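Fold and contact review
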There are 2 protein chains.
Amino acid sequence: MTEKKLIEPRTLKGFNDLMPEEALLKRRMTSTLASVFESFGFCTIETPHLEFTEVLMGDASPEIQKQLFRFTDQGERDVTLRFDLTVPLARYISQYKNVLGLPFKRYVVGNAFRGEKPQKGRYREFTQCDFDFLGATGLGCDCEILQVVVAGLHALGISEFCIRINNRHVMNGFAQWLGVEDKIAAMIQTIDKIDKISAQGVLEELIGSVGLSREQAESVLSLIGSTPPSSRGADSLRGFGHPAMGTEEFARGISELRELGERLSAVGISEHQYRVDFSIARGFGYYTGTVFETNLDGLPEFGSICSGGRYDNLTQTFQKEQISGIGGSFGLDRLMAALKERSTRSPVRSPAQVLVVVGDEKSERLAAHVGALLRSAGQVCVDVFPEAAKIKKQLSYAERSGINLLVFVRDGQPTAVEARDGSFKKPCADEADLVATVRSLVK
Amino acid sequence: MTEKKLIEPRTLKGFNDLMPEEALLKRRMTSTLASVFESFGFCTIETPHLEFTEVLMGDASPEIQKQLFRFTDQGERDVTLRFDLTVPLARYISQYKNVLGLPFKRYVVGNAFRGEKPQKGRYREFTQCDFDFLGATGLGCDCEILQVVVAGLHALGISEFCIRINNRHVMNGFAQWLGVEDKIAAMIQTIDKIDKISAQGVLEELIGSVGLSREQAESVLSLIGSTPPSSRGADSLRGFGHPAMGTEEFARGISELRELGERLSAVGISEHQYRVDFSIARGFGYYTGTVFETNLDGLPEFGSICSGGRYDNLTQTFQKEQISGIGGSFGLDRLMAALKERSTRSPVRSPAQVLVVVGDEKSERLAAHVGALLRSAGQVCVDVFPEAAKIKKQLSYAERSGINLLVFVRDGQPTAVEARDGSFKKPCADEADLVATVRSLVK
């Protein structure tokens, strides 16, 4: 028998394995965010990773079309791995609208695929964490979406952030006022780059590729500058005036921003956690009202960690009936990176809080029994070393796993509870003593 | 401008959308199972849905090879959507074994893809829920894997089930004793069908396609019959004797089953929840020791809802060094179907426990405020209707969503808490009264 050739264990370029430390952090984060979405009554749904290409392609920009993982399946169907979770939502609500009814609130945590050039922190398979409020147009929805952003970040232990809010009616109205409505799409895409290319860069591009006059471009920059970072909350627009207010569309944007601010105050959102920012553009063409991005105070290099906006016609690919809504999306990868940056503790691999160390072979069954007891009576996550290996091996397992509390069993008896760092050590009289000791330490 | 052609919203054959009711149930189940895995110290990991075909193919049976979603990506790489979560685990542990060390316990909930002929309840994209204990050979691991099965089912509210346990050494040794070792693979695949084709069917196939003599086949059936369903727990093997016990391999199987039973008793697993069953074969060739399946009492038509076994050489595709382990897998789809069958309550679409009904436009902000208050002070999941729509529309939203408790606000005041079915109604004096009332009802 010839020896089988071994295959090199490796992943595709741009695809990423998560180490247990990262996977545990990610699971805890998604689980926390899901609880927050559910606390607001958002439903969850599931759609396949693979769909008909024509279903996904309808709304894809030419750039995304080049990045699709598209192929012909065994049944000669033209299929594509989903590149976001919004197009599948549009397909889903079009398909089941009679069963679901409107309004419909859904969240989803799922993976999407784009064959982008791999960069640091950007992968060809990535996780999205989206929440959308469909089929209602009132600003109550916009307010709730922002409440979810705040509640989500708080639940993740993040309190220092600022949601930067704008409204598409403002820039649309401003373009009308300037008489450059035909250039609005290019204007918005240029303004969207302000954090990358600075105000001066935006000015040059507005004059250069967009084709505004210097005067027009300067007046756009002056509008953007009228909402400085120092003005937070409802104060952002107090006393705001501008000649463009005579334009109905512009005035509507300002009025919606004012009302949204009042609604945020009514639900107890601190004024330090949001501000009006006319530089927030969001590149996508489909936004029509409120748009927002969220930055972490002191960590602007992570970019926006939660963004979104209002759209009027989610389902245009699939039906004539318009469905409007507002949605947001947490940037999980960025949030994970930010939480790692902020945390002083090193990430932990194992969810276990306690390891039962087995002193000798005849104590193996007792070790398993003690583990079961701590789990049921103590509500503790307990790992039990599976055999009476050398103590050094068991301790090195605890270290690798990041488990700090050790329970020792030997000679068929629990003997001691110890912290791995030596900060605590207590002999155990019996099982009840053991459970009480561990519970008091783990709480 | 010509009108854009609308695309029909539809999914691929064999791919399935989950309605919110199903998705909520599934999320709760996977979250419950994940908590159980973590309570035993299992780590979680993530691997990509898409891998090099050569990485996934190594261990795939010819049947599975025909079912792969395989294609050439933009970079001319031969790639495939994963068809299970075991091969990616083998690749992962081979790739990172120096970082991870052994033993290593991991669980994963994830989707896999097979282009099978779609059947009722079988989809081309499906979710697996796997847990594996790698790098330790002692029966302590086997015991822990079965503890996880029991704890998982209990946590899901399922108490009436039986884990049917066998050991590959038993049938291997029996084949040696019969002098038909060369036919063992075919024997096991035939025995595996016993629940489908009955004992008589197995007998005929053992004689027919496997090629045993009638006497040999009858002696296999007699062995299988020696562990009747009525014998549970450690009793299953009490006083067991058989001439094949003279074969070392057979005796090893019996001895491991006995020891496993003792270990299960030591960790408090009820004897009603498992039994030895020599008919449990598990089709896969890679199992080498303990194998198990789990059936729900009274619902045999659902088949096994948790199965698994011990293997000696998980990583043979990738490295010469052998890594052994034991693993199990919960059948989520079957469990969901069984829980639906058992439940007397109709499935619920929304996680919200309360809907705030908005009586008039000027109460919209108060409604949002009351929602925020109930979430923070009351720890309740609260949906707030986003605008002052007709009460009938809001009540029909509550009904569709399966939300039973209603809070009414009108004229800028909370007015009442009501159950949708009319079983409860209480006027509210103020916000504190409201929160207390809702908490007492939702607890």
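What you are looking at is a predicted structure, and each value in this text was computed from that prediction instead of being measured. (Residues numbered from 1 in each chain as written. Chains lettered and ligands numbered in written order. Predicted model: local features only at pLDDT ≥ 70, side-chain atom pairs only at ≥ 80, totals over all residues. Heavy atoms only, no water.)

A separate point is the packing of aromatic side chains. Residue and element names in this part refer to chain B. Per the stated rule, a full pass over the model turns up 33 aromatic pairs over all chains. Plain terms: the ring middles of phenylalanine 37 and phenylalanine 330 are 6.1 Å apart, the flat faces sit at 45° to each other, and that makes the pair tilted. Within this pair, whereas phenylalanine 37 is found in helix α1 (residues 20-39), its partner phenylalanine 330 is found in strand β11 (residues 325-330), the two being separated by 293 residues in sequence. Taking the relative accessible area as the measure of exposure, phenylalanine 37 reaches 0% and is therefore buried. (Phe/Tyr/Trp six-rings, centres within 6.5 Å; stacked < 30°, edge-to-face > 60°. Helix = DSSP H or I, 4+ residues; strand = E, 2+ residues; numbered from the N terminus. Buried < 20%, exposed > 50% of the residue type's maximum accessible area, 1.4 Å probe, protein only.)

The next subject is the sheet that holds strand β2 (residues 50-52) of chain B. All names here are of chain B. On the basis of which strands lie adjacent, the open sheet formed by 3 strands has the order β2-β4-β3 and antiparallel pairing. Looking along the sheet, the strands with just one partner apiece sit at the ends: β2 and β3 (70-72). Adjacent strand axes in the sheet meet at a mean angle of 35°, parallel and antiparallel pairs treated alike. Two elements, β2 and strand β4 (residues 78-81), share 3 bridges in a ladder whose sense is antiparallel. Along β4, the bridge assignment pairs phenylalanine 52 with valine 79. (Pairing = 2+ DSSP bridges. Axes fitted to C-alpha atoms, helices over the stretch in contact; angles between N-to-C directions.)

Right, let's talk about the side chain of asparagine 166 of chain A for a bit. All names here are of chain A. Structurally, the position occupied by asparagine 166 is in strand β7 (residues 161-167). A relative accessible area of 2% means that asparagine 166 is categorised as buried. In terms of polar contacts, asparagine 166 uses its side chain to reach the backbone carbonyl oxygen of phenylalanine 278, at 3.2 Å. Here the side chain of asparagine 166 touches isoleucine 280 through a polar contact of 2.8 Å, landing on its backbone oxygen. Leave out the neighbours within four places in its chain, and asparagine 166 touches Leu257, Asp277, Phe278, Ser279, Ile280, Gly289, Thr290 and Val291. (Polar contact = N/O pair within 3.5 Å; in protein donor to acceptor, adjacent residues only side chain to side chain. Contact = heavy atoms within 4.5 Å.)

What follows deals with the sheet that holds strand β15 (residues 413-419) of chain A. All names here are of chain A. Spatial ordering of the open sheet is given by β13-β12-β14-β15-β16, a layout of 5 strands whose pairing is mixed. On the outer flanks of this sheet lie β13 (382-384) and β16 (425-427), each paired with one strand and no other. Across the sheet, the mean angle separating the axes of adjacent strands is 20° when strand polarity is ignored. Sheet topology note: the strand β12 (residues 354-358)/β13 ladder contains 3 bridges and is parallel. Across the sheet, residue leucine 355 finds its bridge partner in β13, namely aspartate 383.

Looking now at the packing of helix α1 (residues 20-39) of chain A against helix α11 (residues 332-342) of chain A. All names here are of chain A. Running from amino to carboxyl end, α1 crosses α11 at an angle of 115°, the nearest separation of the two axes being 11 Å. Considering their axes alone, α1 and α11 lie roughly perpendicular with respect to each other. For the crossing formed where α1 meets α11, the hand is right-handed. Residues Glu22, Leu25, Lys26, Met29, Thr30 and Leu33 of α1 form the contact with α11, whose participating residues are Leu332, Leu335, Met336, Leu339 and Lys340. A class-by-class count of the residues in the contact of α1 with α11 yields 7 nonpolar, 1 polar and 3 charged. (Parallel < 35°, antiparallel > 145°, perpendicular 65-115°, else oblique. Left-handed = near helix turned anticlockwise from the far one by under 90°. Nonpolar A, V, L, I, M, F, W, Y, C, P; charged D, E, K, R; others polar.)

Quick look at the relation of the copies chain B and chain A now. Least-squares fitting of chain B to chain A yields an RMSD of 0.0 Å, with the transformation described by 0.0 Å of translation along the axis and a rotation of 180°. When the rotation and shift are considered jointly, the pair of chain copies conforms to a two-fold rotation axis. Considering only C-alpha atoms, the residue of chain B closest to the rotation axis is phenylalanine 71 of chain B, which sits at 3.1 Å. A share of 100% of interface residues in chain B that are also interface residues in chain A marks the association as one of identical surfaces. (Least-squares fit on C-alpha atoms with pLDDT ≥ 70 in both.)

Contacts between the two partners involve 109 residues from chain B, matched on the other side by 110 residues from chain A. Of the roughly 9100 Å² buried between chain B and chain A on both sides combined, carbon and sulfur atoms contribute 55%. Across the chain B-chain A interface, the total number found is 18 salt bridges. The residue glutamate 54 of chain A makes a salt bridge to arginine 10 of chain B at a minimum N-O spacing of 3.6 Å. At the junction of chain B and chain A, the tally comes to 44 residue pairs in polar contact (both at pLDDT 80 or more). Grouping the constituent residues of the side of chain B that touches chain A by class yields 50 nonpolar, 26 polar and 33 charged. (Buried area = accessible area lost by both parts, 1.4 Å probe. Salt bridge = Lys/Arg side-chain N within 4 Å of Asp/Glu carboxyl O.)

Take the environment of glycine 402 of chain A next. All names here are of chain A. Summarising the element assignment, glycine 402 is placed in the loop between α13 (391-401) and β14 (405-410). A C-alpha to C-alpha distance of 14 Å links glycine 402 and valine 356, two positions 46 residues apart in sequence. Discounting residues that sit within four places of it in the chain, glycine 402 has contacts with Val348 and Arg420.

What follows is about the environment of isoleucine 93 of chain B. All names here are of chain B. Here isoleucine 93 shows up in helix α4 (residues 86-100). Judged by its relative accessible area of 0%, isoleucine 93 falls in the buried class. Taking the C-alpha atoms as reference, isoleucine 93 lies 55 Å from glutamate 418; in sequence the two are 325 residues apart. The contacts of isoleucine 93, once residues within four sequence positions are left out, are Leu100, Leu102, Phe104, Leu134, Leu314, Thr315 and Ile323.

Attention now moves to helix α10 (residues 248-266) of chain A. Residues and elements named next belong to chain A. Compared with the 27 Å implied by 1.5 Å per residue over 19 residues, the 27 Å span of α10 between its first and last C-alpha is a close match. Where α10 is concerned, the buried positions are Glu249, Phe250, Gly253, Ile254, Glu256, Leu257, Leu260, Gly261, Arg263 and Leu264. One or two positions beyond α10, positive phi appears at glycine 268, with a value near 80°. (Expected span 1.5 Å × (residues − 1).)

Here the structure, examined in full by the defined rule, presents 60 salt bridges over all chains. Glutamate 262 of chain A is the partner of arginine 365 of chain B in a salt bridge, and the nearest nitrogen-oxygen pair spans 2.9 Å. A residue pair is termed interchain when its members come from two chains, as with arginine 365 of chain B in helix α12 (residues 364-378) and glutamate 262 of chain A in helix α10. Note that arginine 310 of chain B is salt-bridged to aspartate 142 of chain B, the shortest N-O span being 2.8 Å. With arginine 310 of chain B in strand β10 (residues 306-311) and aspartate 142 of chain B in helix α5 (residues 139-155), this pair connects stretches of sequence that are 168 residues apart. Accessibility classification places arginine 310 of chain B together with aspartate 142 of chain B in one group, the buried group. What emerges from the salt-bridge pattern is a single network uniting Glu259, Glu262 and Arg263 of chain A together with Glu364 and Arg365 of chain B.

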